Amino acid sequence: MENVDLAGGPELTRDPLLDTVIDFLEDEGYDAVQLREVARRARTSLSTIYKRYATREELIAAAIERWMMENHSGLVNHTRGPNEPLHPAIMRVMGSIFEPWEKHPTMLFAYFQVRTVVGDRDLGMDSFDPVIRIGRSVMSDVDPEFVTELQSILSAVVYGLVGRCRENQIAISDIMPTIDRTVYLLTTGYQASQHNETAGTDRPPASVTR
């Protein structure tokens, strides 16, 4: 099976500007990142910041991307065995994604907030989308239509859960159990349909959203 490699490359050179933004995000949250104060703490100028990043959101996105590269090393080399069900394989990857975020919830909220404000493509962060990357690591032999639908459903579920967590409606520890139940229900149905197809019996379409 195909591996995923989001991290684990050469050690990153320290960047005082991005390190300062990360400190703000971890200690005080997204809204605390104000460029004048960032410049003062990083001992640089606003003009220097704007030469590197056109907007505050691009700077925040770069800092989050760097933090993920440093903290998501558990995403390296996840595979699925030849006869392993999809559910445990996907949840290993999801667990590696969310473990650092559960320890640093302000980084989780900042990640989703900056994506909501600006969008993945404009920030160049789509390569870090956990849901999309799951498909590359453990679902290379799965029906592409089902992979697309699973990604869409999981994205909606994760965004909804993170939003509720930010509003203090649920605890951050409640996110993974809900994702686990969702993945189990969707993949169990899909694999049952594949088994019926192999056995030559009638089955519902592989699509889970009709």
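What comes next is a walk through the structure. (Residues numbered from 1 in each chain as written. Predicted model: local features only at pLDDT ≥ 70, side-chain atom pairs only at ≥ 80, totals over all residues. Heavy atoms only, no water.)

Brief notes about the packing of aromatic side chains
To keep it simple, the criterion reads: In summary, the pairing rule links any two rings of Phe, Tyr or Trp, Trp by its six-membered ring, whose centres are within 6.5 Å, and it sorts them by plane angle into stacked for under 30 degrees, edge-to-face for over 60 and tilted for everything else.
With the rule as written, the count across this model stands at six aromatic pairs. Within the aromatic cluster, the residues linked to one another by ring pairs are Phe98, Trp101, Tyr111, Phe112 and Tyr159.

Things to note about the packing of helix H4 (residues 56-71) against helix H6 (residues 105-118)
The line we're drawing: Think of each axis as a best-fit line through the C-alpha atoms, taken over the contacting stretch in the case of a helix, with angles from 0 to 180 degrees between the N-to-C directions. Only DSSP runs of H or I covering at least 4 residues are called helices, and only runs of E covering at least 2 are called strands; the numbering of each starts at the N terminus. Oblique is the label for any angle not under 35 degrees, not over 145, and not in the 65 to 115 range, which are roughly parallel, roughly antiparallel and roughly perpendicular in turn. Crossing handedness is defined as follows: a turn of the near helix away from the far one that is anticlockwise and smaller than a right angle gives a left-handed crossing, while the clockwise case is right-handed. Residue contacts follow a heavy-atom distance rule, with two residues in contact if any of their heavy atoms lie within 4.5 Å. Any residue that is not Ala, Val, Leu, Ile, Met, Phe, Trp, Tyr, Cys, Pro, Asp, Glu, Lys or Arg is counted as polar, Gly included; the first ten are nonpolar and the last four charged.
For the pair H4 and H6, interaxial distance at closest approach is 10 Å and the crossing angle is 140 degrees. By the angle between their directions, the pair H4 and H6 is classed as oblique. The interaxial crossing formed by H4 with H6 has left-handed handedness. Seen from H4, the contacting residues are Glu57, Ile60, Ala61, Ile64, Trp67 and Met68; seen from H6, they are Met107, Ala110, Tyr111, Val114, Val117 and Val118. Grouping the amino acids of the contact of H4 with H6 by side-chain chemistry returns eleven nonpolar, no polar and one charged.

Things to note about helix H5 (residues 86-103)
Cut-off, in case you're wondering: One fewer than the residue count of a helix, multiplied by 1.5 Å, yields its expected span. Throughout, bend refers to the angle between the axes fitted to the seven residues that end at a position and the seven residues that start at it. Partly exposed describes any residue whose relative accessible area lies between the buried limit of under 20% and the exposed limit of over 50%, with all areas from a 1.4 Å probe on protein chains only and scaled to the type maximum.
Between its first and last C-alpha atoms H5 spans 26 Å; for 18 residues at 1.5 Å apiece the expected length is 26 Å, and the two agree. Its maximal kink placed at Ile97, H5 deviates by approximately 25 degrees, while the proline Pro100 follows within four residues. Buried within H5 are the following residues: Leu86, His87, Ala89, Ile90, Met91, Val93, Met94, Ser96, Ile97, Phe98, Pro100 and Trp101.

With respect to the side chain of Thr20
By the element assignment, Thr20 lies in helix H1 (residues 16-27). Overall, Thr20 belongs to the buried group, its relative accessible area being 10%. Excluding its chain neighbours within four sequence positions, the residues that come into contact with Thr20 are Val38, Arg41 and Ala42.

So, the environment of Thr188
Let me state the cut-off plainly: Here a polar contact is taken to be a pair of N or O atoms separated by no more than 3.5 Å, where protein atoms must pair a possible hydrogen donor with a possible acceptor and residues adjacent in sequence count only if both atoms sit in side chains.
If you trace the backbone, Thr188 turns up in helix H10 (residues 175-199). Along the primary structure Thr188 and Pro85 are separated by 103 residues, whereas in three dimensions their C-alpha atoms are 8.3 Å apart. Separated by 2.6 Å, the side chain of Thr188 and the backbone oxygen of Tyr184 make a polar contact.

Here's the deal with the nonpolar core
Defined as follows: Nonpolar core, defined: a set of buried Ala, Val, Leu, Ile, Met, Phe, Trp, Tyr and Cys residues in which side-chain atoms within 4.5 Å join the residues together.
Of all hydrophobic cores here, the largest spans 58 residues; its most connected members are Phe98, Trp101, Ile175 and Ile179. Contributing elements (two or more residues each) for this core: H1, helix H2 (35-42), H4, H5, H6, helix H9 (144-166) and H10. Examining the composition of this core, we find that nine residues originate from one element, H5, more than from any other. Apart from residues no more than four positions distant in its own chain, Phe98 is found in contact with Leu108, Val158, Ile175, Met176 and Ile179.

Observations regarding H9
With 23 residues, H9 extends 33 Å between its outermost C-alpha atoms, agreeing within 8% with the 33 Å of an ideal straight helix rising 1.5 Å per residue. Within the sequence span of H9, burial applies to Phe146, Val147, Glu149, Leu150, Gln151, Leu154, Val158, Leu161, Val162 and Cys165. Looking at where H9 begins, the residue whose side-chain oxygen comes 3.0 Å from the main-chain nitrogen of Glu145 is Asp143. Just downstream of H9 lies Asn168, where phi reads positive at about 65 degrees.

Bear in mind that shape data such as this cannot, by itself, settle questions of function.
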